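So you can see what is in the structure, the chains are spelled out below.
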Amino acid sequence: MTQTTAKAKTETKAKAKAKRSVTINPGMICQPIGAMQAVLGVHGAISLVHGSQGCAAYPMRMFNRHFQEPVEIALSSLGEDAAVFGGADNLIKGVHALVARRQPELIAVLTTCLSETIGDDVDGILRKIDLPTTPVPMHTPSYIGSHVTGYDNALKALVTHLAEQTGPNSKINIAVGLLNPGDIRELKGMLAAIRVKAIILTDISETLDAPLILPRPRFPDGGTTLAEIADTANSIGSIALCKHAGGSAVKYLTGKHKVPMITGACPIGVANTDRFLENVSHLSGRPIPDELRKERGRLIDAMIDVHFKIAQKRVAIHADPDVASGMARFVHELGMMPAIIATGTESKEFVADVQAVASQTGHEIDIISGCDLYELHEAVKAVGVDLVMGNSQAAYIGDDEKTAFARIGFPVYDRVGYQRRAIIGYGGGINLVDRITNAILDHADSA
Amino acid sequence: MPLTLLECDIPIPERERHTYIKKSGEDIVPLANVQTTPGDLTERGCTYAGCMGVVGGPVKDVIHLIHGPIGCAYYTWGGGRRQNLSDNPEFHRKYCFSTSMQEPNVIFGGEKKLYNAILEAYERFPAVNGVFVYATCVIGLIGDDINTVCKNAAKEIGVPVIPFSCEGFRGVSQSLGHHIANDGIFDKIVGTKEPDKVTPYDINIIGDYNIQGDLWIIEPLFEAMGLRILCTFTGNASINDLAVAHRAKLNVMHCQRSTPYICELMEEKYELPYMPVSLFGITQTSKALRDVAAFFGLVDKAEEVIEEEVSKILPEIEYYKEQLRGKRVFIYQGAPRAWHWIKLMEELGMEVIGAATAFGHTDDYEKIIERIGDGALVIDNPNSVELREILLGYKPDLFISGLKEKFLAYKLGVPFVNGHSYERGPYAVYSGFVKFAKDIHTTINHPAWKLIEGRA
């Protein structure tokens, strides 16, 4: 249909949403867990949460389930006294204890709803700590934004505190966003094919997918080094794969260090990946090699191979903003109908991104930002779809509505291997073609 | 041997008071139930986790509404995470309710939002029999009067709305949350209804959360002895079961860390006695059945049940015992399972070389020390650095702990069984014991361990 249709629908949804005080089956998590994921991609870094016991234990468990990896999170251990008298002593003691026991290369201090409401001046407290490496404060109260903005804030804090102009390096900064180890490996493969050197912000491909080889290193191998983060100020350009989760960091590098930035759609599907590679090629001045043209051809081949199996199927997608909007275009490329494109995080930019897809492709899309899964379920019931895509928490909607269901997003814990397989790039597109088609075939077989 | 300091704890010497190497005849118990050292890489949970995640959450027919910013609700949302099962899976643990407090709510207060949220949730799920409201950290700081809001909302919707002030910062661990949930359920639910009928053989099973269906293999044993189960606290419980729990003749208490509170309150107010039991392994389960049967004068029935059940599993247990003899185990659990399972491991011919709890109190450690052998390590609230040192230093053949420690064990090449939510359970009583033994045997003997590069 037209852009106006999409827009009109969005406004109605926004009104209905504003009326409800209760969130049922949330579509977003809190800021600290997003920030932690960013920090987990930095070599030798540890997050120290300035909060109560659960602020460390709960996110750890989510990471454990999704990545099937051990995760360390430190805690300032705020109790009743701190709630009354402030948490400065806990924070100072905590930083020192963590340095003494683990000798991390970087400590990221994450605030919480608790410490922000108490009103601790975390930046001020940390400035007074005399240590070789100053801890980096990250403001991530849970009553603002979501895990997506938490990641965005964390990445911005990292470059703000560490990036330093020293001299051109001919590298490209790539802010990854809340993606998976498999995505980063796919990304590295594309960059290697173009022979571009890159700084990945931040690189969880080894830290959250570590080999089982003994003895285990003190910190997982891999991850973005502090030197690399410092060097981001000297790069020839920056690209944020997910502008909602990493966009602020590349903007900061442009403003402060004049590093040119290109923001595009998340490289999911053919056109978005084409655009990404053109951007890399443009920034680096290097051509896109045959190897990637062939990979593109394999994706198209896979799409044509399955097109009678999936064409015209109506799809509902709930994922983080950039993944959801990227998927909207890919679903169109697959000959399917993006009926509902939803995200848990409130974002006007997300709405505009999906509206652009709607107007360019002619699809009538129900666009829902700030969408909990209850609302997604209601929308699915209202418009009817053949396939629902979302994280493990959303699987029940497929069951209840007797539609096919394919997993995407975070957390995915009820099937194995998701975190190992890319969704970005041509290779990721092939994985998605397989996953979507098999979900539809499995569903048809079991019906 | 006295209290000891692990090498990794030299920078935080206060950990010495939590770390003890058992020696018979000494009167030493490690320090327990105190605030975690700041900067610790802790594995503990918070007060809210104990209240909502452990005790409140299993109640199957109420809306569990978390009042606070979104994270805490998300982290306790079903998905099989805790695996405490109920017979109402179409609602229970499938739905997660939160007020998702935003910055303006934090500034101007969240009472109105909470009130509206209760009504809206009930309007959408009118089949529920009540609403549990849990306050998270921010709520305690901004001072929302959740008691009054819940009272007013209850009047409006006509079902009980029960507030729990279980802000995460209130206690040092999950433990205070258990207590808050016990008190709230006792004060506002127990005794508010009368059962349709009572019999002289009514019991409550207190402190079992039906992990992977534990209760569904526990209950038939008591029923086979002629007892009737009035209420389970809180695995697979309806709020209406909790309301009539005061009319039982005996409280059979399984988890002795999270539920002594309500047992004592019921004893005091209703003269309802309670009996602590351990329902893991042959010896302890049989003793529990005998003790409970003796209370009701049903000793002969108990012996029949025990004989039948034990004869069913004995051949398999003997097989596993042969296979597992001499294997060394380190157990880290919430609290009581650390001591419940020392005996059970011995029944499998294994040796417990260390035991730890996340939120045990002094009495839990007394029980551990009473049961564990000389030279074993007993450590309170161990963190990931200590766990690494213990696993590498003591080299146990098996580590039994929870999800947060699972992948650390794997990465260090140590066979592991999840004792919190189980692997292929349930693990309780007799049939569960076989499953437990099988899982232990499976991990210890798995061929992939031998393929790890660098594993001695």
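Residue numbers here run from 1 along each chain, matching the order of that chain's written sequence. Following the order in which they are written, the chains are lettered starting with A and the ligands numbered starting with 1. In keeping with the model being predicted, local features are shown solely for residues with a pLDDT of at least 70 and side-chain atom pairs are shown and tallied solely at 80 or more, while totals for entire chains, interfaces and linings include all residues.

## As for the overall build of chain A
Item 1. Think of it this way: any DSSP run of H or I at least four residues long counts as a helix, any run of E at least two long counts as a strand, and we number them from the N terminus. Secondary structure summary: chain A contains 19 helices and 14 strands in total.
Item 2. For a compact globule of 447 residues, the expected C-alpha radius of gyration is about 22 Å, and chain A comes in at 22 Å, within 12% of that figure.
Item 3. In terms of principal-axis extent, the alpha carbons of chain A reach across some 65 × 50 × 45 Å.
Item 4. Residues are called buried when their C-beta atom has 20 or more other C-beta atoms within 10 Å, exposed when it has 12 or fewer, and partly exposed otherwise; all C-beta atoms are positioned from the backbone. When the 447 residues of chain A are sorted by exposure, 62% land in the buried category.
Item 5. Contact between two residues is assigned when their C-beta atoms, built from the backbone, lie within 7 Å. Once local pairs closer than 6 in sequence are excluded, the contacts in chain A between residues at least 24 apart make up 73%. As a reference, a globule follows 2.2 Å times the number of residues to the power 0.38, and the radius of gyration itself is taken over C-alpha atoms.

## Digging into the overall build of chain B
Item 1. A count of helical and extended segments in chain B gives 17 helices and 14 strands.
Item 2. Its C-alpha atoms give chain B a radius of gyration of 22 Å, within 12% of the compact-globule value 23 Å for 456 residues.
Item 3. The principal-axis extent of the C-alpha atoms belonging to chain B is close to 65 × 60 × 45 Å.
Item 4. When contacts within chain B are restricted to residue pairs at least 6 apart in sequence, long-range pairs at least 24 apart make up 70% of them.

## Focus: the interface of chain B and chain A
The parts lose accessible area when they come together, and the size of an interface is often stated as this lost area.
Item 1. Contacts between chain B and chain A engage 66 residues on the former and 61 residues on the latter.
Item 2. Of all the secondary-structure elements, those providing two or more residues to the side of chain B that touches chain A are α1 (47–56), α2 (70–75), β3 (97–98), α3 (103–108), α4 (111–124), α5 (137–142), α15 (384–394) and α16 (403–411) of chain B.
Item 3. Looking at which element gives the most residues to the side of chain B that touches chain A, the answer is α16 of chain B, with seven residues.
Item 4. In this count, Pro and Cys sit with the nonpolar residues alongside Ala, Val, Leu, Ile, Met, Phe, Trp and Tyr, while Asp, Glu, Lys and Arg are called charged and the others, Gly among them, polar. Looking at the side of chain B that touches chain A, its residues break down into 35 nonpolar, 18 polar and 13 charged.
Item 5. Two strands pair if DSSP finds at least two bridges between them. Bridge count for strand β1 (residues 23–24) of chain A against β3 of chain B is two bridges, and the pairing is antiparallel. In the sheet register, isoleucine 24 of chain A faces β3 of chain B, and the bridge partner there is phenylalanine 97 of chain B.

## Notes on the packing of helix α13 (residues 290–305) of chain A against helix α19 (residues 425–446) of chain A
Residues and elements named next belong to chain A.
Item 1. Here an angle of 0 to 180 degrees is reported between the N-to-C directions of two axes, which are lines fitted to C-alpha atoms, with helices fitted over the stretch in contact. For the pair α13 and α19, interaxial distance at closest approach is 8 Å and the crossing angle is 15°. Comparing the axis directions of α13 and α19 gives the class roughly parallel. Crossing hand, α13 versus α19: left-handed. Counting all contacts with α13, which are made through Glu295, Arg296, Arg298, Leu299, Ala302 and Met303, the residues of α19 involved are Tyr426, Gly427, Gly429, Ile430 and Val433.
Item 2. Partitioned by chemical class, the residues of the contact of α13 with α19 number six nonpolar, two polar and three charged. In these notes the angle categories are as follows: under 35 degrees is roughly parallel, over 145 is roughly antiparallel, 65 to 115 is roughly perpendicular, and the rest is oblique. Handedness of each helix crossing follows the sense of rotation of the near helix against the far helix: counterclockwise by less than a right angle gives left-handed, clockwise gives right-handed.

## Examining the confidence of the model for chain B
Item 1. Per-residue confidence for chain B gives a mean pLDDT of 96; residues scoring 70 or more make up 99%.
Item 2. The ipTM assigned to the predicted complex is 0.96, against a pTM of 0.96. Along the chain, pLDDT gives the predictor's confidence residue by residue, from 0 to 100.

## Describing the pairing of strand β7 (residues 228–234) of chain B
For a regular strand, side-chain orientation follows a simple rule: the groups alternate between the two sheet faces.
Item 1. With five of its seven residues buried, β7 of chain B lies for the most part within the structure.
Item 2. Crossovers are described as right-handed under a simple rule: with the strands pointing away from the observer, the path leading from the first strand over the helix to the second runs clockwise. In this fold, the crossover linking strand β6 (residues 202–208) of chain B to β7 of chain B by way of helix α8 (residues 214–224) of chain B has right-handed handedness.

## What to know about the domain arrangement of chain A
Residues and elements named next belong to chain A.
Item 1. In this document the domain limits rely on a domain assignment from an automatic tool or a database. Here chain A is described as being made up of domain 1 (3–26 + 296–446), domain 2 (31–144) and domain 3 (172–291).
Item 2. One C-alpha centre belongs to domain 1, the other to domain 2, and the line joining them spans 34 Å.
Item 3. In this complex, domain 1 contributes five residues to the contact, which on the side of domain 2 involves four residues.
Item 4. For the side of domain 1 that touches domain 2, a count of residues per class yields four nonpolar, one polar and no charged.

## Some remarks on the nonpolar core
Item 1. In these notes, a nonpolar core means any group of buried Ala, Val, Leu, Ile, Met, Phe, Trp, Tyr and Cys residues linked to one another through C-beta atoms within 7 Å. Among the nonpolar cores identified, the biggest contains 299 residues, and Ala108, Ile317 and Ile340 of chain A together with Val133 of chain B are the most heavily contacted of them.
Item 2. Examining the composition of this core, we find that eight residues originate from one element, helix α3 (residues 53–67) of chain A, more than from any other.
Item 3. Not counting the four nearest positions on each side in its chain, isoleucine 340 of chain A is found in contact with Ala316, Ile317, Asp366, Ile368, Leu376, Ala379, Val380, Val383 and Val385 of chain A.

## Section: the domain arrangement of chain B
Residues and elements named next belong to chain B.
Item 1. Each assigned domain of chain B is listed here: domain 1 (47–188) and domain 2 (202–302).
Item 2. For domain 1 versus domain 2, the separation of C-alpha centres amounts to 26 Å.
Item 3. Elements supplying a minimum of two residues to the side of domain 1 that touches domain 2: α1 and α7 (175–188).
Item 4. A per-element tally of the side of domain 1 that touches domain 2 places α7 first, with seven residues.
Item 5. Split by residue class, the side of domain 1 that touches domain 2 holds nine nonpolar, nine polar and four charged.

## Quick notes on the sheet that holds strand β12 (residues 366–369) of chain A
Residues and elements named next belong to chain A.
Item 1. Reading across the sheet, the five strands line up as β12-β11-β10-β13-β14 and stay open at both edges, with parallel pairing between neighbours. Unpaired on one side and paired on the other, β12 and β14 (404–407) mark the two borders of the sheet. Averaged over all pairs of adjacent strands, the angle between strand axes in this sheet comes to 15°, irrespective of strand direction.
Item 2. Note: strand β10 (residues 314–318) against strand β13 (residues 387–390), three bridges, orientation parallel.

## A short note on the pairing of β12 of chain A
Item 1. What you see with β12 of chain A is no split at all: Asp366 and Ile368 of chain A on one side and Ile367 and Ser369 of chain A on the other are buried throughout.
Item 2. Following the chain from strand β11 (residues 337–343) of chain A across helix α16 (residues 348–361) of chain A to the adjacent parallel β12 of chain A, one finds a crossover that is right-handed.

## A look at unusual backbone geometry
Item 1. Omega for the peptide link from leucine 201 of chain A to threonine 202 of chain A comes to -20°, which places this bond in the cis form.
Item 2. Relative to the elements of secondary structure, threonine 202 of chain A occurs in the loop between β7 (198–201) and α10 (226–231).
Item 3. Of note, the amide linkage connecting phenylalanine 233 of chain B to threonine 234 of chain B takes the cis form, showing an omega dihedral of 0°.
Item 4. Among the structural elements, threonine 234 of chain B can be located in strand β7.
Item 5. Positioned with a positive phi, serine 170 of chain A is a non-glycine residue whose angle comes to about 60°.

## Considering the confidence of the model for chain A
Item 1. Residue-level pLDDT values for chain A average 95, and 96% of them are 70 or greater.
Item 2. Here residues 1–5 of chain A is modelled with pLDDT under 50, and outside its nearest four sequence neighbours on either side it reaches seven contacts, counting other chains as well.

## Comments concerning the sheet that holds strand β3 (residues 73–75) of chain A
All names here are of chain A.
Item 1. Strand order in this open sheet of four strands is β3-β2-β4-β5, and the pairing throughout is parallel. Bordering the open sheet on either side are β3 and β5 (136–138), each of which pairs with just one other strand. For this sheet, the mean angle separating the axes of adjacent strands, direction not counted, is 30°.
Item 2. As paired elements, strand β4 (residues 106–111) and β5 share three bridges and run parallel to each other. Bridge pairing in β5 places alanine 108 opposite valine 136.

## Section: α8 of chain B
Residues and elements named next belong to chain B.
Item 1. Among all positions in α8, only Asp214, Leu215, Ile217, Ile218, Leu221 and Phe222 are buried.
Item 2. On its buried face, α8 is in contact with β6, β7, α11 (282–296), α12 (299–324) and α17 (429–444).
Item 3. Backbone geometry just downstream of α8 places glycine 226 in the positive-phi region, at approximately 100°.

## Re the packing of α15 of chain B against α16 of chain B
Residue and element names in this part refer to chain B.
Item 1. Two elements in contact, α15 and α16, have axes whose closest approach is 11 Å; the angle formed by their N-to-C orientations is 40°. One finds that α15 runs oblique with respect to α16. In the packing of α15 onto α16, the handedness of the crossing is right-handed. Of α16, the residues touching α15 (which contributes Ser384, Leu387, Arg388 and Leu391) are Glu405, Leu408 and Ala409.
Item 2. Class assignment for the residues of the contact of α15 with α16 results in four nonpolar, one polar and two charged.

## A closer look at the environment of valine 280 of chain A
All names here are of chain A.
Item 1. With respect to the secondary-structure elements, valine 280 resides in helix α12 (residues 270–284).
Item 2. Spatially, the C-alpha atoms of valine 280 and serine 238 are 9.1 Å apart, while their sequence positions differ by 42 residues.
Item 3. Aside from chain neighbours lying at most four places away, what touches valine 280 is Ile172, Ile194 and Val196.

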